[in-house]
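# Structural overview
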Amino acid sequence: MSRPIRLAVTPGEPAGIGPDLVVRLAQAPSKVELVAVADPGLLAARARTLGLDLLIHEFDPQAASAPSGSGHLTVQPLTMRGPVEPGRPTAVNAAYVLETLAAACDGCLAGTFEAMVTGPVHKGVINDAGLPFSGHTEFLAERCGGEPVMMLATPGLRVALATTHLPLSQVSKSITRTHLARVIGILHQDLVRRFGIGQPRILVCGLNPHAGEGGHLGQEEIQVIEPVVRALCETGLHLIGPLAADTAFVPERLADADAVLAMYHDQGLPVLKHLGFGRAVNVTLGLPIIRTSVDHGTALDRAGTNTADLGSLEAAIEMARELARGGGGRAE
């Protein structure tokens, strides 16, 4: 790719920390062209609140891409529905938040952007507005097709999830042979396609304590996980499991692994966030586009205070850049 990579960035919840992050990010030059898909008035107001200089330029998709300069921000303008006060979200702007995601996604599908990077949204506020929304992953899959798989990555560890935002009581019945085989297949495929790993090595966690203890602590390993792992290994995939989750993440196992597949959200992500919170990146696999995101929420209490930590957003942008270039590499 001869021209600089162009990334769409959505700040997320207008009253949260996302606009702060985008404004602060614009204070330094970038290796890529960053295009904020947002209300320019929101970003200008947040820059004033933070006491930062910011020159906003309207995005021209026909212009040649160029790396973003210090103190400059290119914006694809959308309009909020109502005023915003940092730290105080309101449902009036929920539709606007979804519009920013849709515009960035559509831009990626059209080839205007090589990837999209998303800031944190407030799911409760969006649902309070009467708009059904369970998360970025599901929204983007509905918008652009594909079969999404959620994976978080930080230096030294990648963790994908067999199920995502489900009550714990619904996890077991959601892990069917068909579903698990699909998730593992997508994880393997995108580790090859997106990350450039020729023969990925994937650790598969069990669902129950001690991976079911031979059936004494649950049957899911025997009835679902073991048969799927065995069948996929026979097709050439390199899988190890099901493993007891309490020992799947020890250094000796991770040294020989490219990713860990956890059965549910809080089985795998506490480990990853303990290792790399503030540097971790959320990557949606299984989509026709590249999407990365920060590993944290809206941090409403920090909005407008100039205390935002840029680490995860910077990592998400670098990950998007590497994936757009053709490979995210091995976990280091």
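Each remark here, short or long, concerns the structure printed above.
Report follows, based on the coordinates.

Now for the sheet that holds strand 3 (residues 55-58). Judged by pairing direction, the sheet is mixed, and its 12 strands sit side by side in the order 3-4-2-1-5-12-11-6-7-10-8-9 without closing on themselves. For this open sheet the edge positions go to strand 3 and strand 9 (238-243), each flanked by a neighbour on one side alone. When the angles between neighbouring strand axes are averaged without regard to direction, this sheet yields 30 degrees. Inspection of the sheet shows strand 8 (residues 201-205) paired to strand 10 (residues 259-262) by 3 bridges, in the parallel sense. Each residue of the ladder has a partner; that of Ile 202, found in strand 10, is Ala 259. Running at roughly 165 degrees to strand 12 (residues 291-293), helix 5 (residues 136-144) makes contact with strand 5 (115-118), strand 11 (281-285) and strand 12 of the sheet. Packing of helix 7 (residues 177-193) onto the sheet brings it into contact with strand 6 (149-154), strand 7 (157-161), strand 8, strand 9, strand 10 and strand 11, and relative to strand 10 it is tilted by some 160 degrees.

Right, let's talk about the environment of Leu 34 for a bit. Looking at the element boundaries, Leu 34 is found in strand 2 (residues 33-38). By relative accessible area, which is 8% here, Leu 34 ends up buried. Spatially, the C-alpha atoms of Leu 34 and Arg 325 are 15 Å apart, while their sequence positions differ by 291 residues.

The next thing to look at is the packing of helix 1 (residues 18-25) against helix 2 (residues 40-50). Remark: helix 1 packs on helix 2, axes separated minimally by 9 Å, with the N-to-C direction vectors making an angle of 80 degrees. When the interaxial angle is binned, helix 1 and helix 2 end up roughly perpendicular. Contacts between helix 1 and helix 2 involve Pro 19, Asp 20, Val 22, Val 23 and Arg 24 from the former and Leu 42, Leu 43, Arg 46, Ala 47 and Leu 50 from the latter. Grouping the constituent residues of the contact of helix 1 with helix 2 by class yields 7 nonpolar, no polar and 3 charged.

Taken as a whole and assessed by the stated rule, the structure comprises 2 aromatic pairs. Between Phe 133 and Phe 139, the ring centres sit 6.1 Å apart and the planes meet at 55 degrees, which makes this aromatic pair tilted. There is no split in this pair, since Phe 133 and Phe 139 are both buried.

It is worth spelling out the nonpolar core at this point. If you look at the biggest cluster of nonpolar residues, it comprises 90 residues, and the most contacted ones within it are Leu 180 and Leu 261. Among the elements that line this core, the one with the most residues is helix 3 (residues 94-110), at 10 residues. Excluding its chain neighbours within four sequence positions, the residues that come into contact with Leu 180 are Ala 162, Ile 175, Val 224, Ile 225, Val 228, Leu 261 and Met 263.

Attention shifts here to the environment of Asp 309. Looking at the secondary structure, you find Asp 309 in the loop between strand 12 and helix 12 (311-325). In this structure Asp 309 comes out as partly exposed when scored by relative accessible area, which is 48%. Counting along the chain gives 288 residues from Asp 309 to Leu 21, while the straight-line C-alpha distance between them is 7.7 Å. Beyond its immediate sequence surroundings of up to four residues, Asp 309 is in contact with Leu 21 and Arg 24. One polar contact links the side chain of Asp 309 to the main-chain amide nitrogen of Gly 311, over a distance of 2.8 Å.

The end-to-end C-alpha distance of helix 11 (residues 265-276) is 16 Å, a good match for the 16 Å that 12 residues give at a rise of 1.5 Å each. For helix 11, every residue scored as buried is listed here: Gln 267, Gly 268, Leu 269, Leu 272 and Gly 276. Looking straight down helix 11, one finds that the buried residues subtend no more than 160 degrees of arc, so they occupy a single side. Residues of helix 11 that are exposed and point more than 90 degrees away from the buried face comprise Asp 266 and His 274. Structurally, helix 11 contributes buried residues whose contacts are with strand 6, strand 7, strand 8, helix 9 (245-248) and strand 10.

The next point concerns the packing of helix 1 against helix 12. Between helix 1 and helix 12, the shortest axis-to-axis distance is 10 Å and the interhelical angle comes to 65 degrees. Taken as axis vectors, helix 1 and helix 12 run roughly perpendicular relative to one another. In terms of crossing hand, the pair formed by helix 1 and helix 12 is right-handed. Mapping the contact onto sequence places Leu 21, Val 22 and Leu 25 in helix 1 and Leu 313, Glu 314 and Ile 317 in helix 12. Residue classes in the contact of helix 1 with helix 12 are distributed as 5 nonpolar, no polar and 1 charged.

The next thing to look at is unusual backbone geometry. Cis peptide bonds are those with omega within 30 degrees of zero, and the linkage from Gly 241 to Pro 242 qualifies with 5 degrees. Examined against the element boundaries, Pro 242 turns out to sit in strand 9. Although it is not a glycine, His 210 sits at a positive phi angle of roughly 60 degrees. Take His 210: it is sitting in the loop between strand 8 and helix 8 (220-234). Take His 210: its relative accessible area is 45%, and that puts it in the partly exposed class. Within the chain, Glu 213 stands out as a residue other than glycine whose phi angle is a positive 50 degrees. Locating Glu 213 in the fold gives a position in the loop between strand 8 and helix 8.

What counts and what doesn't
Residues numbered from 1 in each chain as written. Predicted model: local features only at pLDDT ≥ 70, side-chain atom pairs only at ≥ 80, totals over all residues. Heavy atoms only, no water. Pairing = 2+ DSSP bridges. Helix = DSSP H or I, 4+ residues; strand = E, 2+ residues; numbered from the N terminus. Axes fitted to C-alpha atoms, helices over the stretch in contact; angles between N-to-C directions. Contact = heavy atoms within 4.5 Å. Buried < 20%, exposed > 50% of the residue type's maximum accessible area, 1.4 Å probe, protein only. Parallel < 35°, antiparallel > 145°, perpendicular 65-115°, else oblique. Nonpolar A, V, L, I, M, F, W, Y, C, P; charged D, E, K, R; others polar. Phe/Tyr/Trp six-rings, centres within 6.5 Å; stacked < 30°, edge-to-face > 60°. Core = buried A, V, L, I, M, F, W, Y, C linked by side-chain atoms within 4.5 Å. Polar contact = N/O pair within 3.5 Å; in protein donor to acceptor, adjacent residues only side chain to side chain. Expected span 1.5 Å × (residues − 1). Arc of directions from axis to C-beta. Left-handed = near helix turned anticlockwise from the far one by under 90°.

Just distances and angles here, no functional claims.
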